[in-house]
Amino acid sequence: MYFYFFLIIIYVILFKYLKLKYYIIASFVLSMSIFIISMNSLENIIESKDIEKCPFCYGLTACYLMDINELSFDYSDLSVLFSNYFGTKNVYYVKMRNKKLILKQLASNSELDEFDKMSIVFREKKDINFLNLIKEIVSTNMSDTLSKLRLCPTTKNIKLFLANVINSKNFSYQNIWTLLKINPEALMLQILPARLGWPVPKYYGACGRLVIEEFVGPALSEFYNKHWIQRAEIASSLLNAAHTFTFQDENFTYYLTDVSFDNIAVDSNNIAKFIDLENVIVVDKKTSIADQSETWKDVHRSDSDFGCEDCLIFSPSDICAHEVSDHNYYTICKHILARKTTENQISEGFLHDVPDNILSQYPVFINLVNKCSKSDTLSNRITTGIKLNILLKDIIKMYTLSYNHHNR
């Protein structure tokens, strides 16, 4: 409503100050904007949730939240406004009783159309074993470049992996298969629920082909030039996350393979959460001895960039051949915290421009960041990452005590 009123005011201003030919051009642009906005109204988005296509949808657990009288678009800033009305990723920022949420279709319209065409044969057949199809999708067939979620080295414990989903209400294997084919993010948010301490957004559920997630906060990229101590707090939470994904689950390890500044958000407590879980390698720690590789007990080291400094390059087959990999620490240290380091400073990384007083008081800091970023055969990146996190916590504690003392 406010947006339409704003456009009317612009029309009046343009008519008053522009020549006729420019007014016609500007009016055309504005008219197209109004058309796009009307097509992308929240009411239209909610009505297009495609419940009729279930069970080839994401689920029905959150349909009670899809009330146009309860939800409204978030107009808090221009980027959110643009995404809601002109974005192509089908991600919408909304509010419900002043709580910020995100609606996602998890794919573009063309990708959803392609899925509908592909899935016709599965709709018509009645005797399909979707659990077997799920196993095929997440299998360790490394030639399948379209697989976004892998479970390895075998899929024998697939039901244990999916336990949180299988034990939920209104569960169906068709829902799981659909998410795996389109985008497994909502599936991973159920497997790794925020309520159990996983550094991910809270998942509220799905209705047809719409999911509702918690709005965590701004993207990590928006904190790149913030005060160094604030960045240190966020960096510590990132290293906590690397440890959590690697060690928290006694049955599986989760390796994120698409980590970037835009795929991480930061909440009001300076805690980083991973908001894009579309690409994940899951290693089954309970793999039987018969299925273990010769290198299973060796810690896998991500130590090669193949001549590309800024590329996140890894080998799924190598990760799957080891019970533990340092991949999560590799992605955080090398590609987020310290993309480039020297003996005296960090540049082009999240921890850039370390204050001189911190470098003088903690001379080992740069060395730890270097070893975590560029692991060598003489050091263990995971151990180094843990030591770096302990040091960051000490620096933050020291700064907090000093700040409180000076402000008494």
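Above this note sits the structure.
Quick look at the structure, then. This is a predicted model, so every value here is computed, not measured.

1. Things to note about the pairing of strand β5 (residues 203-207)
No. 1: The buried count for β5 comes to 5 of 5 residues, which makes it a mostly enclosed element.
No. 2: Judged from the 4 bridges that link them, β5 and strand β6 (residues 210-214) form a sheet pairing that is antiparallel. Of the residues in β6, the one forming a bridge with A206 is V211.
No. 3: The turn joining β5 and β6, which pair antiparallel and follow one another in sequence, is formed by 2 residues; a positive phi near 65° is taken by G208.

2. Considerations on the packing of helix α12 (residues 228-247) against helix α14 (residues 327-337)
How two helices pack is summed up by the angle between their axes together with the distance between the axes.
No. 1: Interhelical geometry of α12 versus α14 gives an angle of 160° and a closest axis separation of 8 Å. The angle between the axes of α12 and α14 places the two elements in the roughly antiparallel class. Note that α12 runs across α14; the crossing there is right-handed. On the side of α12, the interface is formed by A235, L238, L239, A242, H243, F245 and T246, while α14 contributes N328, Y329, I332, C333, I336 and L337.
No. 2: Split into classes, the residues belonging to the contact of α12 with α14 amount to 10 nonpolar, 3 polar and no charged.

3. Here's the deal with the state of the cysteines
No. 1: Throughout the structure, instances matching the rule amount to 4 disulfides.
No. 2: Residue C333 pairs covalently with C372 via a disulfide, S to S 1.9 Å. With the S-S bond torsion at 65°, the cross-link from C333 to C372 turns out right-handed. Here the residue C333 occupies a position in helix α14, and C372 occupies one in helix α16 (residues 365-373), the gap between them amounting to 39 residues.
No. 3: By relative accessible area, which is 0% here, C372 ends up buried.

4. Description of the side chain of R209
No. 1: Positionally, R209 belongs in the loop between β5 and β6.
No. 2: Looking at R209, the relative accessible area reads 2%, which means it is buried.
No. 3: A polar side-chain atom of R209 sits 3.0 Å from the main-chain carbonyl oxygen of F56.
No. 4: There is a polar contact of 2.8 Å between the side chain of R209 and the side chain of D116.
No. 5: For R209, the contacting residues outside a window of four places in its chain are K49, D50, K53, F56, C57, Y58, K104, Q105, L112, F115, D116 and R123.

Rules behind the numbers
- Once a new chain begins, its residue numbering starts again from 1 and follows that chain's sequence as written.
- At least 70 in pLDDT is required for a residue's local features to be given in this predicted model, at least 80 for side-chain atom pairs to be given and counted, and no such filter applies to totals for whole chains, interfaces and linings, which use all residues.
- Side-chain metrics in this entry use all non-hydrogen atoms of the structure; hydrogen atoms and water are not considered.
- Buried residues are those whose accessible area, probed at 1.4 Å on protein chains only, stays under 20% of the maximum for their type, while exposed residues exceed 50% and partly exposed ones sit between those limits.
- Helix numbering and strand numbering both begin at the N terminus, where a helix is a DSSP run of H or I of at least 4 residues and a strand a DSSP run of E of at least 2.
- DSSP bridges decide pairing: two strands pair if at least two such bridges lie between them.
- As a rule, the C-alpha atoms of each element are fitted with a line to give its axis, helices using only the stretch in contact, and angles between N-to-C directions run from 0 to 180 degrees.
- Under this scheme an angle from 65 to 115 degrees is roughly perpendicular, one under 35 degrees roughly parallel, and one over 145 degrees roughly antiparallel; angles in between are oblique.
- Should the near helix be turned anticlockwise from the far one by less than a right angle, the crossing is left-handed, and should it be turned clockwise, the crossing is right-handed.
- Only heavy atoms enter the contact rule, under which two residues are in contact if any of them lie within 4.5 Å.
- Nonpolar residues are Ala, Val, Leu, Ile, Met, Phe, Trp, Tyr, Cys and Pro. Charged residues are Asp, Glu, Lys and Arg, and all others, Gly as well, are polar.
- For the purposes of this analysis, a disulfide is any pair of cysteine sulfur atoms at a distance within 2.5 Å.
- We define a polar contact as two N or O atoms separated by no more than 3.5 Å, with the added condition that, inside protein, one atom must be a possible hydrogen donor and the other a possible acceptor, whereas residues neighbouring each other in sequence contribute only through side-chain atom pairs.

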